[in-house]
Amino acid sequence: MTVSPVTESTTSTPLTIDEEPVAIPRRFLMCRPDHFAVTYAINPWMDPSAGADRDRAVAQWEALRDAYLALGHQVSLIEPVAGLPDMVFAANGALVVGGRVYGASFAHAERRPEGPAYAEWFRRNGFADVLEPSHVNEGEGDFLTLDEVILAGTGFRTEIAAHQEAQEHLGRPVVTLRLVDPRFYHLDTALFPLDGRNVAYHPGAFSPGSRAVLERLFPNALIADEADAAVLGLNAVSDGRNVVINAEAVGLIATLRDRGYTPVPVDLSELRKAGGGPKCCTLEIRH
Ligand code: ARG
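Residues numbered from 1 in each chain as written. Predicted model: local features only at pLDDT ≥ 70, side-chain atom pairs only at ≥ 80, totals over all residues.

Undergrad: How do you make sense of the pairing of strand 8 (residues 174-178) when you look at a structure like this?
TA: Along a regular strand, successive side chains alternate from one face of the sheet to the other. Of the pairings in the sheet, the one linking strand 7 (residues 150-154) to strand 8 comprises five bridges and is parallel in character. Each bridged residue has a counterpart across the sheet, and for L151 the counterpart in strand 8 is V175. Handedness of the crossover joining strand 7 and strand 8 through helix 3 (residues 160-170): right-handed. (Pairing = 2+ DSSP bridges. Helix = DSSP H or I, 4+ residues; strand = E, 2+ residues; numbered from the N terminus. Right-handed = clockwise from strand over helix to strand, strands pointing away.)

Undergrad: I would appreciate a short explanation of the site of the ligand in the present structure.
TA: Around the ligand, the surrounding shell holds 16 residues, and the nearest of these are F89, A91, G141, H186 and C280. Grouping the amino acids of the shell around the ligand by side-chain chemistry returns six nonpolar, seven polar and three charged. (Near = placed C-beta within 6 Å. Nonpolar A, V, L, I, M, F, W, Y, C, P; charged D, E, K, R; others polar.)

Undergrad: I'm lost on the environment of G153 in this one. Help?
TA: Along the chain, G153 falls in strand 7. Owing to 29 C-beta atoms within 10 Å, G153 belongs among the buried residues under this scheme. For the pair G153 and G93, spaced 60 residues apart in the sequence, the C-alpha separation amounts to 15 Å. Beyond its immediate sequence surroundings of up to four residues, G153 is in contact with D142, T158, L177, L179, H186 and L187. (Buried ≥ 20, exposed ≤ 12 C-beta atoms within 10 Å, placed from the backbone. Contact = placed C-beta atoms within 7 Å.)

Undergrad: What exactly am I supposed to notice about the nonpolar core here?
TA: One broad trend across soluble globular proteins is that nonpolar side chains are buried collectively. One finds A90, A94, A166, A190, L191, L234 and C281 to be the most contacted residues of the largest nonpolar core, which totals 76 residues. With residues up to four places along the chain from it excluded, the contact list for L234 reads T189, A190, L191, F192, A200, Y201, H202, A224 and A229. (Core = buried A, V, L, I, M, F, W, Y, C linked by C-beta atoms within 7 Å.)

Undergrad: Just to check I follow, could you spell out unusual backbone geometry for this structure?
TA: Only a minority of non-glycine residues have a phi that is not negative, and only a minority of peptide bonds are not trans. At L232, a position not held by glycine, the phi torsion is positive, near 60 degrees. In this fold, L232 is placed in the loop between helix 5 (226-229) and strand 12 (237-238). Residue L232 is classed as buried on the basis of its C-beta count, with 28 C-beta atoms lying within 10 Å.

Undergrad: How should the pairing of strand 2 (residues 74-77) be read in this particular structure?
TA: Inspection of the sheet shows strand 1 (residues 27-30) paired to strand 2 by four bridges, in the parallel sense. Paired with F28 across the two strands is V75, which belongs to strand 2. As a crossover connection, the stretch from strand 1 through helix 1 (residues 54-70) into strand 2 is right-handed.

Undergrad: Can you help me understand the sheet that holds strand 15 (residues 283-284) in this one?
TA: Sheet strands associate in pairs through backbone hydrogen bonding, adopting either a parallel or an antiparallel arrangement. An order of 2-1-15 is seen for the three strands of this open sheet, with the pairing classed as mixed. This sheet does not close on itself; its edge strands, each paired only once, are strand 2 and strand 15. Pairing between strand 1 and strand 15: two bridges, direction antiparallel. When the bridges of strand 15 are listed, L29 appears paired with L283.

Undergrad: Explain the sheet that holds strand 13 (residues 242-246) here, please?
TA: Pairing in this open sheet of three strands is mixed, and the strands run 12-13-14 from one edge to the other. Looking at strand neighbours, the two that pair on one side only are strand 12 and strand 14 (262-266), the edges of this open sheet. Of the pairings in the sheet, the one linking strand 13 to strand 14 comprises five bridges and is parallel in character. Bridge pairing links I245 to P265 in strand 14.

Undergrad: Can you walk me through helix 2 (residues 114-124) in this structure?
TA: Three or four residues apart is the spacing at which side chains of an α-helix point the same way, because the helix has 3.6 residues per turn. Listed in full, the buried residues belonging to helix 2 are E114, G115, Y118, A119, W121 and F122. Down the axis of helix 2, the buried set is contained in an arc of 155 degrees. They therefore lie on one face. Summarising the contacts, the buried residues of helix 2 are in contact with strand 3 (94-97), strand 4 (100-103) and strand 5 (130-131). Following helix 2 by one or two positions, G126 adopts a phi angle in the positive range, close to 90 degrees. (Arc of directions from axis to C-beta.)

Undergrad: Honestly, the environment of L84 in this entry has me stumped. Any pointers?
TA: With respect to the element layout, L84 can be found in the loop between strand 2 and strand 3. Between the C-alpha atom of L84 and that of E114, which follows or precedes it by 30 residues, the distance is 7.3 Å. In contact with L84, other than residues within four places in its own chain, are H35, P113 and E114.

So, in structure tokens, the structure goes:
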């Protein structure tokens, strides 16, 4: 037996991952913030007396849409409705998996008309399986889809009964996670899928039991700290490689780069005044 001395690999890679992240093209639904405003407060980020600049919000939203297009993703648009200032947050409009649509039913009266508006868009665009929900749920705000499971938030908006209803309609296992910090009132403010098998999240947003569930399901998860969570850094959209993320989440952006992902920083500071970031503005249409 010949024993060769340990040498440094000549093909060494700076990445600490076994597989190179791979981008998969997506189809998104977005809603231009033509009627954006902060006129009521249904989460701790919203202060109606502070005022929001609609033109600035539109410019930031356009930059987000352009970033998706530059990455090769498809963006469909839903017509904004006057009097629905939060309609820009398309993620809340539905959950679409395997071409089947689970409609949204909003927790707060101010946003309730958005549910039927989004359901109608899907019906008109050739989606036959649109389920009108019997339980309060805010679409992809609280449902995040991976290859084998759908992670579902509860505690502030979406009811657990909706988790069960979504599982039945979509035929995918739904895992309930309990949110405990009012700043992170939707699951998508505290966690995002990096790809179909792994996630990034902020443990402080979850109950002890749900933290244990996340540790068990995702031993290689990317853990984000309080500072990154506090700028809605976890409200990010990954295509498996490129991660569209709030520019202020500097720690998380550096960690993503270390892990071989390509961060795509965006400025959505105006929309954050309503408690939203890149993911909130983005509903994924999965065929
Ligand atoms: N103002 C909106 C609300 O509180 C923000 C929604 C953000 N959307 C999201 N997917 N987290 O309902």
